[in-house]
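Chain residues, written in single-letter form:
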Amino acid sequence: MKKYPLFVLLALPIIGALAGCAEQNNTPEPHMVSNTNAPASTPEMKDIPDDSFSKEDEQKLLALQFEDYQHMTISKFQNKVWAMTDTTEYMDLMEKLSRNETLYQRKDSDETAAFLYYVLEPLTAEKWQTRTYSGAATSDFPAWEDNATLEYTYTLTILAADKVMVKDYNDMRAGVKDMMQDILRNRTKEELQNETFMLTELETYVEEMLPYMQTPEVRIAIEYAYFPLSTENNNNSREYFDGNVELRISPNGTEEDYRSLLALKTADYQNMSLADFNSILLEWTNENPGGMERISEDTGWDNFKVALTDEELSFVKLTVFLSGMENGKAIQSSYAGEPINPYYEKELPQKIAVKDGMAAWCSLYYQFSYRIDKETITVGERDCQIEGMINAIHAFWNNTDIEKLLNMSESDIVQELENMAETYSTDDVVITVDKGCIHFECMDEREYMN
């Protein structure tokens, strides 16, 4: 069984890998990849959870969710879909679906998105025979910092599409998730801390269960990485800020970690092609998985224990963060068989005004994605455009009076960010703002004063 750390493959700073468009809170969750379990029964027809699709688009996509489609053979389902979508309009719509980040991130919480990404897209795509999914399981102690993590990818290869029902395929995919979770269930802390023991248990369990999971018509291959429960969790997983307990997964990066990473900050790194730099960073990450995990978490918390110059800090927080995200999304894209764009996100400090004990406040979480040509653009050019977009958003937020913000809608905020995206996009860096990933809220309690 091949073993490698999945976070090394993804090469993503932890916070960027976790939040997506999900509702934000102030404490990062444990590092894991997406749960790929989706409802296996035929879901009720619902609207598509993304306003960028017109009603006509919605009807076209939902029309592909045939009555009792779960009990069709894969080949019958495919042929019916392919016959219906053999038009320019449908092809354009399917292309739009493949690029939609909002739907992709809701595929585990929304039944319609689950159908689109776990049934329609994988079973009717050009390379439908083989599809790789990813998931994560944790042990079952009440506090997540007390748990071990098992991250895995699994590949389903369809060998006889005319003999397998859609439901069987879905059940098989969901069954792998359940199987991997069962491996960690009811384990003691001593077992979870023993990596050698757990790897032996994992290999034995997977080899015993696979013959029962797969069939002659659909084969399954599983690769995984086990992250044991640390014996130092109680000492290293907590940091204290303003009297509140903040939780970390890993200890802070060491002097050695940063000196090793900063060796990539050569005198001319900004003039390197982005493709070359990202390749070098991925190689470094594969060789220094623990260091990347610690530095990634430092970046996510903005909590560095090693003294860094402003240039070094910018290199870590911007250049390495963006390139790590791009490496991760490139690998995810190869698994998914479709492009998945990198993104940047931030929850900005709340703006508050107080009068006579009553408050008004505004909050903003934003995310923007971007598409790049890594072969033609340099590291410095990429950094310049993305940093320009980030700084423009923050300047808007910092410089706009709260009274003005209170009179703005979320659509107004989206329009402001879309204007910035247009300003900072180039032929090689195309920035996109998805209104489904912008969360703007305001409340003015002062209006209730007598």
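So, a few notes on the structure that sits alongside this text. Quantities reported herein were computed from a predicted structural model and do not represent experimental measurements. (Residues numbered from 1 in each chain as written. Predicted model: local features only at pLDDT ≥ 70, side-chain atom pairs only at ≥ 80, totals over all residues. Heavy atoms only, no water.)

1. Details of the nonpolar core
Reasoning step 1: Counting residues in each nonpolar core, the largest one holds 55 residues, and the members touching the most others are Phe77, Leu120, Leu150, Met180 and Ile222.
Reasoning step 2: Secondary-structure elements contributing two or more residues to this core are helix 4 (74-84), helix 5 (88-98), helix 7 (111-124), strand 1 (130-138), strand 2 (149-158), helix 8 (166-184), helix 10 (195-213) and strand 3 (218-227).
Reasoning step 3: Sequence-distant contacts of Phe77, defined by excluding residues within four places in its chain, comprise Leu64, Phe66, Tyr69, Met72, Phe115, Val119, Leu120, Leu123, Thr124 and Val166.
Reasoning step 4: Counting residues in hydrophobic clusters, the runner-up holds 53 residues, among them Leu281, Ile295, Ala353 and Val414. (Core = buried A, V, L, I, M, F, W, Y, C linked by side-chain atoms within 4.5 Å. Buried < 20%, exposed > 50% of the residue type's maximum accessible area, 1.4 Å probe, protein only. Helix = DSSP H or I, 4+ residues; strand = E, 2+ residues; numbered from the N terminus. Contact = heavy atoms within 4.5 Å.)

2. Observations regarding the environment of Asp257
Reasoning step 1: Within the secondary structure, Asp257 is located in helix 12 (residues 255-262).
Reasoning step 2: Taking the C-alpha atoms as reference points, Asp257 and Gly290, separated by 33 residues in sequence, lie 8.6 Å from one another.
Reasoning step 3: If sequence neighbours within four positions are ignored, Asp257 has contacts with Trp284, Gly291, Arg294 and Ile295.

3. Side note on the packing of helix 13 (residues 274-287) against helix 14 (residues 289-301)
Geometry of a packed helix pair, given as the angle between the helix axes and the separation of the axes.
Reasoning step 1: Between helix 13 and helix 14, the shortest axis-to-axis distance is 5 Å and the interhelical angle comes to 105 degrees. Between helix 13 and helix 14, the angle is such that the two are roughly perpendicular. Here helix 13 contributes Leu281, Trp284, Thr285, Asn286 and Glu287 to the contact with helix 14, which in turn contributes Pro289, Gly291, Met292 and Ile295. (Axes fitted to C-alpha atoms, helices over the stretch in contact; angles between N-to-C directions. Parallel < 35°, antiparallel > 145°, perpendicular 65-115°, else oblique.)

4. Considerations on unusual backbone geometry
Reasoning step 1: One non-glycine residue, Asp68, lies in positive phi territory at about 60 degrees.
Reasoning step 2: Topologically, Asp68 is positioned in the loop between helix 3 (55-62) and helix 4.
Reasoning step 3: Positive phi, close to 65 degrees, is recorded for Asn186, a residue that is not glycine.
Reasoning step 4: For Asn186, the location among the structural elements is in the loop between helix 8 and helix 9 (189-193).

5. So, the environment of Val166
Reasoning step 1: Position of Val166 among the secondary structure elements: in helix 8.
Reasoning step 2: With relative accessibility at 0%, the residue Val166 sits in the buried group.
Reasoning step 3: With 43 residues separating them in the primary sequence, Val166 and Leu123 have C-alpha atoms 8.7 Å apart.
Reasoning step 4: Setting aside its immediate chain neighbours within four residues, Val166 contacts Tyr69, Gln70, Met72, Thr73, Ile74, Phe77, Val119 and Leu123.

6. What to know about the packing of aromatic side chains
Reasoning step 1: Tallying each qualifying case throughout the model produces 16 aromatic pairs.
Reasoning step 2: With centroids separated by 5.8 Å and ring planes inclined at 65 degrees, the aromatic side chains of Phe66 and Phe77 adopt a geometry described as edge-to-face. One end of the pair, Phe66, is in the loop between helix 3 and helix 4; the other, Phe77, is in helix 4, with 11 residues separating them in the sequence. Accessibility assignment for this pair places Phe66 and Phe77 in one class, buried.
Reasoning step 3: Ring geometry for Tyr269 and Phe277: centres 6.2 Å apart, planes at 40 degrees, overall tilted.
Reasoning step 4: An aromatic cluster is defined as three or more aromatic residues linked by ring pairs; in this entry it consists of Phe66, Tyr69, Phe77 and Phe115.
Reasoning step 5: Its guanidinium or amino end placed over the ring of Phe66, Lys80 lies 4.4 Å from that ring's centre, counting from NZ or CZ.
Reasoning step 6: We note Arg173 situated over the ring of Tyr133; from NZ or CZ to the ring centre the distance is 5.5 Å. (Phe/Tyr/Trp six-rings, centres within 6.5 Å; stacked < 30°, edge-to-face > 60°. Lys NZ or Arg CZ within 6 Å of the ring centre and 35° of its normal.)

7. A short note on the pattern of salt bridges
Reasoning step 1: Under the defined criterion, the tally for this structure stands at 13 salt bridges.
Reasoning step 2: The partner of Asp171 in a salt bridge is Lys167, and the shortest N-O contact between them spans 2.7 Å. Pair noted here: Asp171 and Lys167 are both in helix 8, with a separation of 4 residues, about one helical turn.
Reasoning step 3: For Asp171, a relative accessible area of 31% corresponds to the partly exposed category.
Reasoning step 4: Of the residues examined, Lys167 reaches a relative accessible area of 28% and is grouped as partly exposed.
Reasoning step 5: A salt bridge links Arg382 to Asp383, with the shortest nitrogen-to-oxygen separation between them at 2.7 Å. Across the pair, exposure class does not vary: Arg382 and Asp383 are buried alike.
Reasoning step 6: Each of the salt bridges in this network shares a partner with another, and the network as a whole consists of Glu255, Arg259 and Glu312. (Salt bridge = Lys/Arg side-chain N within 4 Å of Asp/Glu carboxyl O.)

8. A look at the packing of helix 7 against helix 8
Reasoning step 1: In contact at an axis separation of 11 Å, helix 7 and helix 8 are set at 110 degrees when each is read in the N-to-C sense. With respect to helix 8, the element helix 7 is oriented roughly perpendicular. As for the relative orientation of helix 7 and helix 8, their crossing is right-handed in sense. Facing Tyr118, Val119 and Leu123 of helix 7, the residues of helix 8 in contact are Val166, Tyr169, Asn170 and Arg173.
Reasoning step 2: Residues that form the contact of helix 7 with helix 8 fall into these classes: 5 nonpolar, 1 polar and 1 charged. (Left-handed = near helix turned anticlockwise from the far one by under 90°. Nonpolar A, V, L, I, M, F, W, Y, C, P; charged D, E, K, R; others polar.)

9. A few points about the side chain of Asp257
Reasoning step 1: A residue is classified by how much of its surface remains accessible, and Asp257, at 9% relative accessible area, is buried.
Reasoning step 2: A polar contact of 2.9 Å, which involves the side chain of Asp257, links it to the backbone nitrogen of Thr254. (Polar contact = N/O pair within 3.5 Å; in protein donor to acceptor, adjacent residues only side chain to side chain.)

10. Topic: helix 8
Reasoning step 1: Between the first and last C-alpha of helix 8 there are 29 Å, a value that for 19 residues agrees with the 27 Å anticipated at 1.5 Å per step.
Reasoning step 2: Backbone geometry just downstream of helix 8 places Asn186 in the positive-phi region, at approximately 65 degrees. (Expected span 1.5 Å × (residues − 1).)

11. Quick look at the side chain of Gln214
Reasoning step 1: In this structure, Gln214 sits in the loop between helix 10 and strand 3.
Reasoning step 2: A polar contact is formed between the side chain of Gln214 and the backbone nitrogen of Ile220, at a distance of 2.8 Å.
Reasoning step 3: Discounting residues that sit within four places of it in the chain, Gln214 has contacts with Met172, Arg219 and Ile220.

12. Quick look at the sheet that holds strand 1
Reasoning step 1: With antiparallel pairing, the 3 strands of this open sheet are ordered in space as 1-2-3. Both outer strands of the open sheet, strand 1 and strand 3, are each paired with one neighbouring strand and no more. Taking each pair of neighbouring strands and ignoring which way they run, the sheet shows an average axis angle of 20 degrees.
Reasoning step 2: Helix 10 rests against strand 2 and strand 3 of the sheet, and its axis sits at about 165 degrees to strand 3. (Pairing = 2+ DSSP bridges.)

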